[in-house]
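Here are the chains, one letter per residue:
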Amino acid sequence: MSVSIVVGSQWGDEGKGKIVDLLSSEVDIVARYQGGANAGHTIEVGDKKFVFHLIPSGILHENVTCVIGNGVVIEPAALLEEINMLKENGINIDGRLFISRNAHLIMPYHKLLDSINEQGKKKIGTTGRGIGPSYIDKYARKGIRIADLLNKDSLKEKIRTNLEEKNNLLKKVYDHTGLEVNAIINECLNFDNEIDQYVTDTSAYLNDAINKGKSVLLEGAQGALLDVDHGTYPYVTSSNPTSGGACTGTGIPPTKITDVIGIVKAYTTRVGLGPFPTELFDETGKKLGEVGAEFGATTGRKRRCGWFDAFLVKYSTTINGINKAVITKLDVLDSFDEIKVCVGYEINGKTLKYFPTSVEKLSEAKPIYETLSGWKTNISGIRNYEELPNATKEYLTFISKQCGFDINYVSVGPKRSQTIVI
Ligand code: GDP
Ligand code: IMO
Ligand code: MG
């Protein structure tokens, strides 16, 4: 029995989808615990490429059951699109997908408010998927949950009350005509018909399975530095991608967790706004983006790129309790003459002891770099740690020491097979 949490250790897009798919062959259940369709998790199998936004990345394994936990916010159209995509690809999900009754819905007014907020002065650079406004309603105790779909009369009443309030806001503050209630109600009723068979008490299901000795993988979306509590607030998402969120987002108690697996990209990327101390604006940054094909899997936006920030990942290791690490996209560094790693920050000549999450401090922080030799070898075909060039091994040893974790896997390409077990 194992209950492992897979967390993104940086600003998202570390390659969680590839690794969750890979590790799924060894588990019975994969569950998503937070976020929504802001996530874009890519899996390449053969010549097929799948991008999952809501469905856990274990779904391609026919013996794996997938759970969308209570901590996830679900946009009906996005989920139905994914379910249809799976069906079109001949992947049977009947009896293999469970959706928590307690998960909240993302309604059209949430997406609209997200896009209106992004047009204002306080931009975050969101994915526009309605994530923030949906979590606002959840915490304001006004949200509409999957369970609400079961009682049609009270569902209609809740939608009406919510929309009345939103339309007031839209009309009075944003000079918008507002949204029409019947279209929203009909969308929810149709959604209920489509997903009824998948809805259950997922916390009970997961805890029963664990008690029977089943192995579970809890798949995080986004990354630690996008965590609403521990990230670079306000330039964060509205949930807890860090490992603690896996317990609240599924109903599995902390005493059942056996491992926290950190997914760590061999360099750093970020999409959206907010400070990024090791960001490169030069040819090197451009090259990282080109070789790494760094475009958002959800929005197609260009990802900002920079050197590996070990000071940041060490912080992430601490707050997540990462005890196993997977280094991804190491092949992207193949052609660099030298590779820099940030080992600390300096502000006004003073070295910082702890990673600062304050945006003001991070914007002033100057990275302290150590320079390592590049390996100038194509490593994407290597499957055995011993066969890696010495400079590659030195890079891995260096970041493992700096970040304070052991490396269990190294990913050298997007395919399942392009993985080295250490
Ligand atoms: P996620 O959000 O953490 O699941 O990551 P994304 O799917 O958004 O972005 C990771 C991208 O890198 C995807 O296009 C993957 O197919 C790709 N990828 C994953 N691992 C590797 C790797 O080791 N090397 C290379 N070159 N690409 C990788
Ligand atoms: P995966 O799971 C990278 C970023 C957005 C924005 C901020 C808030 O694929 O790693 P939101 O729409 O969540 O309100 O946007 O968070 N963001 C991501 N960046 N990968 C993601 O997911 C992200 N999900 C949200 O770009 O800066
Ligand atoms: Mg992604």
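The structure presented is a predicted model; accordingly, all values stated were derived computationally and were not measured.

Draft legend 1. Looking closely at the overall build of the protein. Helix and strand counts for the protein come out as 12 helices and 20 strands. Its C-alpha radius of gyration of 22 Å places the protein within 12% of the 22 Å reference for a compact globule of 422 residues. The principal-axis extents of the C-alpha atoms in the protein amount to approximately 65 × 50 × 40 Å. When the 422 residues of the protein are sorted by exposure, 57% land in the buried category. In the protein, the proportion of contacts linking residues at least 24 apart, taken out of those at least 6 apart, comes to 77%. Summed over its atoms, the accessible surface of the protein is roughly 17800 Å², and 48% of this surface lies on carbon and sulfur atoms. In the protein, 49 side chains carry a positive charge and 51 a negative one; their mean positions are 3 Å apart.

Draft legend 2. Just helix H2 (residues 76-88), in detail. Here H2 spans 18 Å end to end across 13 residues, near enough to the 18 Å set by a 1.5 Å rise per residue. Considered for burial, the residues of H2 that qualify are Pro 76, Ala 78, Leu 79, Leu 80, Glu 82, Ile 83 and Leu 86. Contacts made by the buried residues of H2 are with strand E4 (48-52), strand E5 (65-68), strand E6 (73-74), strand E7 (97-100), strand E8 (104-105) and helix H6 (181-195). Positive phi shows up at Gly 90, right after H2, with a value of about 75°.

Draft legend 3. Expanded view of the site of ligand 1. Close to ligand 1 lie 19 residues, the nearest being Lys 16, Gly 17, Thr 42, Asp 331 and Ser 411. Residue Arg 303 places a side-chain N or O atom 3.0 Å away from an oxygen atom belonging to ligand 1. A distance of 2.9 Å is found between an oxygen atom of ligand 1 and a side-chain nitrogen or oxygen belonging to Lys 329. A total of 580 Å² of accessible area belongs to ligand 1 in isolation, and the protein chains cover 92% of it. For the shell around ligand 1, the elements supplying multiple residues, two or more each, are helix H1 (16-23) and strand E3 (41-45).

Draft legend 4. Expanded view of the sheet that holds strand E11 (residues 259-265). Pairing is mixed in the open sheet, where 10 strands are placed in the order E9-E7-E5-E2-E10-E1-E11-E15-E19-E20. What marks the edges here is a single partner per strand, and that holds for strand E9 (199-200) and strand E20 (419-421). The sheet contact formed by E7 and E9 spans 2 bridges and is parallel. In the sheet register, Ile 99 faces E9, and the bridge partner there is Val 199. Across the sheet, helix H7 (residues 202-211) touches strand E1 (3-8), strand E2 (29-32), E5, E7, E9 and strand E10 (216-219), and the angle it forms with E5 is around 140°.

Draft legend 5. Spatial organisation of the coordination of the magnesium ion (ligand 3). The protein atoms that coordinate the magnesium ion (ligand 3) are Asp 13 (OD) and Gly 40 (O), at distances spanning 2.1 to 2.2 Å. With Asp 13 in the loop between E1 and H1 and Gly 40 in the loop between E2 and E3, this residue pair connects regions lying 27 residues apart in the sequence. Looking at Asp 13, the relative accessible area reads 22%, which means it is partly exposed. Gly 40 gets classed as buried once you look at its relative accessible area, which sits at 12%.

Draft legend 6. Quick look at the site of ligand 2. The environment of ligand 2 is formed by 20 residues, the closest being Lys 16, His 41, Thr 127, Gln 222 and Thr 237. Backbone polar atom of Gln 222 to an oxygen atom of ligand 2: 2.8 Å apart, as the coordinates give it. Contact between ligand 2 and Thr 237: an oxygen atom at 2.6 Å from a side-chain N or O atom of the residue. Protein chains bury 97% of the 550 Å² of accessible surface belonging to ligand 2 in isolation.

Draft legend 7. Layout of the domain arrangement of the protein. With domains assigned, the protein is organised as domain 1 (3-101 + 199-261), domain 2 (104-194) and domain 3 (263-421). Across the contact, 6 residues belong to domain 2 and 5 residues belong to domain 3. For the pairing of domain 2 and domain 3, the buried interface totals around 400 Å² over both sides, and the portion due to carbon and sulfur atoms is 52%. If you sort the residues of domain 2 by the area they bury against domain 3, Gly 125, Thr 127 and Arg 129 come out on top, with a joint share of 67%. Put simply, domain 2 and domain 3 have 0 salt bridges between them. Inspection of the domain 2/domain 3 interface yields 3 residue pairs in polar contact (both at pLDDT 80 or more). Residues that form the side of domain 2 that touches domain 3 fall into these classes: 1 nonpolar, 3 polar and 2 charged.

Draft legend 8. Looking closely at the packing of helix H5 (residues 152-172) against H6. With their axes 10 Å apart at the nearest point, H5 and H6 run at an angle of 140° to one another. Accordingly, the angle class assigned to the pair H5 and H6 is oblique. Judged by the sense of rotation from one axis to the other, the crossing of H5 with H6 is right-handed. From H5, Lys 152, Leu 155, Lys 156, Ile 159, Arg 160 and Leu 163 reach across to H6, where they touch Val 181, Ile 184, Ile 185, Cys 188, Leu 189 and Asp 192. Residue composition of the contact of H5 with H6, grouped by class: 8 nonpolar, no polar and 4 charged.

The rules behind each value
- Residues numbered from 1 in each chain as written.
- Chains lettered and ligands numbered in written order.
- Predicted model: local features only at pLDDT ≥ 70, side-chain atom pairs only at ≥ 80, totals over all residues.
- Heavy atoms only, no water.
- Helix = DSSP H or I, 4+ residues; strand = E, 2+ residues; numbered from the N terminus.
- Rg over C-alpha atoms; globule rule 2.2 N^0.38 Å.
- Buried < 20%, exposed > 50% of the residue type's maximum accessible area, 1.4 Å probe, protein only.
- Contact = heavy atoms within 4.5 Å.
- Areas by Shrake-Rupley, 256 points an atom, 1.4 Å probe, with all protein chains shown as cover.
- Lys, Arg positive; Asp, Glu negative; His and termini not counted.
- Charge placed at Lys NZ, Arg CZ, Asp CG, Glu CD.
- Expected span 1.5 Å × (residues − 1).
- Near = heavy atom within 4 Å.
- Polar contact = N/O pair within 3.5 Å; in protein donor to acceptor, adjacent residues only side chain to side chain.
- Pairing = 2+ DSSP bridges.
- Axes fitted to C-alpha atoms, helices over the stretch in contact; angles between N-to-C directions.
- Donors = N, O, S within 2.8 Å, 3.2 Å for Na, K, Ca; no water.
- Domains from an automatic or database assignment.
- Buried area = accessible area lost by both parts, 1.4 Å probe.
- Salt bridge = Lys/Arg side-chain N within 4 Å of Asp/Glu carboxyl O.
- Nonpolar A, V, L, I, M, F, W, Y, C, P; charged D, E, K, R; others polar.
- Parallel < 35°, antiparallel > 145°, perpendicular 65-115°, else oblique.
- Left-handed = near helix turned anticlockwise from the far one by under 90°.

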